[in-house]
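Chain by chain, the residues run as shown.
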Amino acid sequence: MCGIVGAIAERNISPILLEGLKRLEYRGYDSAGVAVLDAQGQLKRLRRNGKVAELDQALRVNGLGGRLGIAHTRWATHGAPSERNAHPHFSGDGLAVVHNGIIENHEALRRELAALGYVFTSDTDTEVIVHLLHHKLSTLGDLTAALKAAIPELHGAYGLAVVSAAQPDRLLAARSGSPLVIGLGLGENFLASDQLALRQVTDRFVYLEEGDIAEIRRDSLQIWNLAGEAVQRETVQYHEGAEAADKGEYRHFMLKEIHEQPRVVRRTLEGRLGDGQVLVEAFGPGAAELFARVRNVQIVACGTSYHAGMVARYWLEELAGVPCQVEVASEFRYRKVAVQPDSLFVSISQSGETADTLAALRNARDAGYLASLAICNVAISSLVRESDLTLLTQAGPEIGVASTKAFTTQLVALMLLTLSLGQARATLDRGVEAELVSELRCLPTRLGEALAMDAVIEQVAEFFADKHHTLFLGRGAQYPVAMEGALKLKEISYIHAEAYPAGELKHGPLALVDSDMPVVTVAPNNELVEKLKSNLQEVRARGGELIVFADVRAGLENGEGIRLVNMPHISDALAPILYTIPLQLLSYHVAVFKGTDVDQPRNLAKSVTVE
Ligand code: G6P
């Protein structure tokens with residue numbers, strides 16, 4: 001969840017490290033730090049509590065520069081956000097480490113190292129790594145050998161970068177449970193926890209695999225696998241997403257990403273739709289035969305991705321006739337699951353590195369599932385690597401912590417899965433499939449129409465700015481859309497928001513409704529709309545203020561206490577994708593009115609790679 005950047009070069013690498021940190025800041029932003037080997041061969045450190053901008057400011061004043069260094073932006077797990085807990089951590093004055101992940105046996109190691117005379121200056125789990133390494137180095141004399149000797153003693157998850165003043169010819173890295181990528185340059189090499197950090201300096205990358213240790217020199221790279229054997233890892237040329245680190249004309253990444261949705265949805269559909277049908281092979285060779293055997297689907301995910309799975313359950317059962325269960329990964333991974341015969345395990349993740357989702361996939365491996373399928377936005381992610389089948393959402397890098405385009409492209413991918421399963425199992429009428437395929441082709445245009453309502457939604461948002469609580473209501477597949485709407489509002493505006501299936505209103509939440517508690521409702525024009533109208537009356541009768549996003553044909557009208565936003569007409573099946581857009585815009589504008597940090601909301605991080 002934190003960000004790592006490292007560099008070894010002939011030029012001053014401080015600006016490269018800092019630019020990398022800025023690009024990774026969405027991963028964690030409690031505090032930041034850098035360690036650089038200066039011209040006198042001294043390892044110098046600068047750390048600041050708060051955002052990378054604070055560190056940037058300090059670096060300008062301090063002028064710290066050099067040709068070898070590591071840097072980090074932190075999302076606190078062990079030890080509160082503070083300068084003393086910020087990375088890099090030192091042992092003595094010549095050895096520095098930055099770390100992503102959690103060392104689970106840090107207490108035992110801390111005791112052992114303290115007994116050896118090491119003095120701890122932070123509350124972090126990371127500090128044990130650097131002292132352990134120092135201890136190994138004192139007997140082995142070589143940094144690479146010391147790292148290899150220290151690694152087996154570390155239990156937990158880590159992505160590590162190490163530098164030592166005594167061996168200025170190398171930058172070391174180790175990966176277990178937390179991704180790391182090496183960026184290849186000409187006579188210079190780089191390291192980061194995400195290639196996005198290094199797009200400024202290279203487009204050639206080598207991704208470390210689980211258990212890898214790497215010795216990165218200016219002009220060479222050596223990697224050893226978990227078994228200690230020297231290995232070659234493929235070099236990947238990266239072309240896409242160059243625009244991602246730039247907000248362009250937009251005020252926030254989130255707004256930019258909301259507006260990218262028509263384009264990325266179109267990209268997610270590209271090459272996956274045939275003449276009146278979905279191309280099942282898009283899921284990989286042999287997918288059609290495999291899908292024909294599927295009798296159940298188990299979906300596992302976290303956060304926004306979980307909400308996408310909740311929508312898919314309605315689709316899979318209604319359109320493809322496949323029983324489907326959906327569960328949050330943090331629960332699924334720790335319980336004994338009774339696996340139905342011929343079940344497909346589906347994980348959904350933007351990053352493909354979420355710790356709970358990965359653990360759930362790993363547990364599922366021997367549980368008797370037919371196969372595993374990852375719906376993921378990152379091609380080179382652990383989730384994709386470890387799943388049997390993959391469907392990539394083509395959202396491009398998502399920087400705003402609150403997920404937007406990743407969600408809608410996940411929904412598109414899940415609709416493709418629904419149609420593919422229906423087709424392969426012969427449970428979906430061919431005419432219905434053809435109709436949905438043609439509607440999917442029009443979806444980017446419909447999304448564009450929803451985005452054009454931005455100004456109207458901004459006006460509605462103004463009404464929320466002084467509110468503290470909200471209810472979101474939906475029925476059927478719009479219930480998870482309401483959940484996602486509530487999550488967005490919570491995440492970025494810090495307004496308490498809860499979602500309910502509209503029919504549950506009178507079983508409790510109605511007690512909360514008064515003129516200070518706006519109720520947001522999504523109401524497409526389906527057979528549930530009449531029932532929803534009664535629920536809306538229940539709210540109005542208690543003086544509640546309603547904000548209703550409804551199909552132009554739903555027959556709802558503006559009135560006292562009802563703010564109606566008319567939505568373009570769309571089929572019931574695709575309505576969850578379309579109705580997500582106004583809820584994203586609503587949260588965005590409320591957050592802007594409230595003046596919160598839209599792209600980096602407090603206490604959160606983009607990619608939760610720790611448990
Ligand atoms: C974090 C992010 C959410 C995201 C969730 C799951 O909580 O802030 O936006 O939905 O992780 O992440 P994933 O990458 O697995 O979709």
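Residues numbered from 1 in each chain as written. Predicted model: local features only at pLDDT ≥ 70, side-chain atom pairs only at ≥ 80, totals over all residues. Heavy atoms only, no water.

- The name an unreviewed UniProt entry assigns to the chain is Glutamine--fructose-6-phosphate aminotransferase [isomerizing], from the organism Stutzerimonas tarimensis.
- Check the Function (unreviewed entry) section of the UniProt entry for the chain; it says "Catalyzes the first step in hexosamine metabolism, converting fructose-6P into glucosamine-6P using glutamine as a nitrogen source." (UniProt positions renumbered as here; feature names shortened; annotations may be inferred.)

1. Let's talk about the pairing of strand S17 (residues 324-328)
Inference 1: Relative to S17, strand S16 (residues 296-301) runs parallel, the two sharing 5 bridges. Along S17, the bridge assignment pairs alanine 301 with valine 328.
Inference 2: Note that the unit made of S16, helix H9 (residues 303-319) and S17 has a crossover that is right-handed. (Pairing = 2+ DSSP bridges. Helix = DSSP H or I, 4+ residues; strand = E, 2+ residues; numbered from the N terminus. Right-handed = clockwise from strand over helix to strand, strands pointing away.)

2. Describing the packing of aromatic side chains
Inference 1: One pass over the full model with this rule turns up 4 aromatic pairs.
Inference 2: A centroid spacing of 5.7 Å and a plane angle of 50° characterise the contact between phenylalanine 332 and phenylalanine 345, whose relative ring orientation is tilted. Within this pair, whereas phenylalanine 332 is found in helix H10 (residues 329-332), its partner phenylalanine 345 is found in strand S18 (residues 343-349), the two being separated by 13 residues in sequence. By the burial criterion, phenylalanine 332 is buried, and phenylalanine 345 matches it.
Inference 3: Grouped by ring-pair contacts, the aromatic residues Phe332, Phe345 and Tyr369 constitute a single cluster.
Inference 4: The aromatic ring of tyrosine 314 is capped on one face by arginine 313, whose charged end is 5.7 Å from the ring centroid. (Phe/Tyr/Trp six-rings, centres within 6.5 Å; stacked < 30°, edge-to-face > 60°. Buried < 20%, exposed > 50% of the residue type's maximum accessible area, 1.4 Å probe, protein only. Lys NZ or Arg CZ within 6 Å of the ring centre and 35° of its normal.)

3. Things to note about the layout of surface pockets
Inference 1: Roughly 620 Å³ of internal volume is contained in the largest pocket.
Inference 2: Lining of the largest pocket is provided by 35 residues; of these, Gln195, Tyr238, Asn377, Val378 and Ala379 occupy positions nearest its centre.
Inference 3: Mapped by element, the contributors of at least two residues to the lining of the largest pocket are strand S15 (235-237) and helix H12 (382-386).
Inference 4: Of the residues assigned to the lining of the largest pocket, the class counts are 14 nonpolar, 13 polar and 8 charged.
Inference 5: Taken as a whole, the second largest pocket encloses approximately 510 Å³ of empty space.
Inference 6: Taken together, 24 residues form the lining of the second largest pocket, with Cys302, Gly303, Thr304, Lys606 and Val608 sitting closest to its centre.
Inference 7: If you list the elements that add at least two residues to the lining of the second largest pocket, you get H9, S18, helix H11 (355-364) and helix H16 (478-493).
Inference 8: At 3 residues, the largest contribution of residues to the lining of the second largest pocket is made by H9.
Inference 9: Per-class residue counts for the lining of the second largest pocket are 9 nonpolar, 11 polar and 4 charged. (1 Å grid on protein atoms, 1.4 Å probe; cavity = no way out; pocket = protein on both sides within 12 Å on 5 of 7 lines; lining within 4 Å. Points joined across faces, edges and corners; volume = space filled by probe spheres on them. Nonpolar A, V, L, I, M, F, W, Y, C, P; charged D, E, K, R; others polar.)

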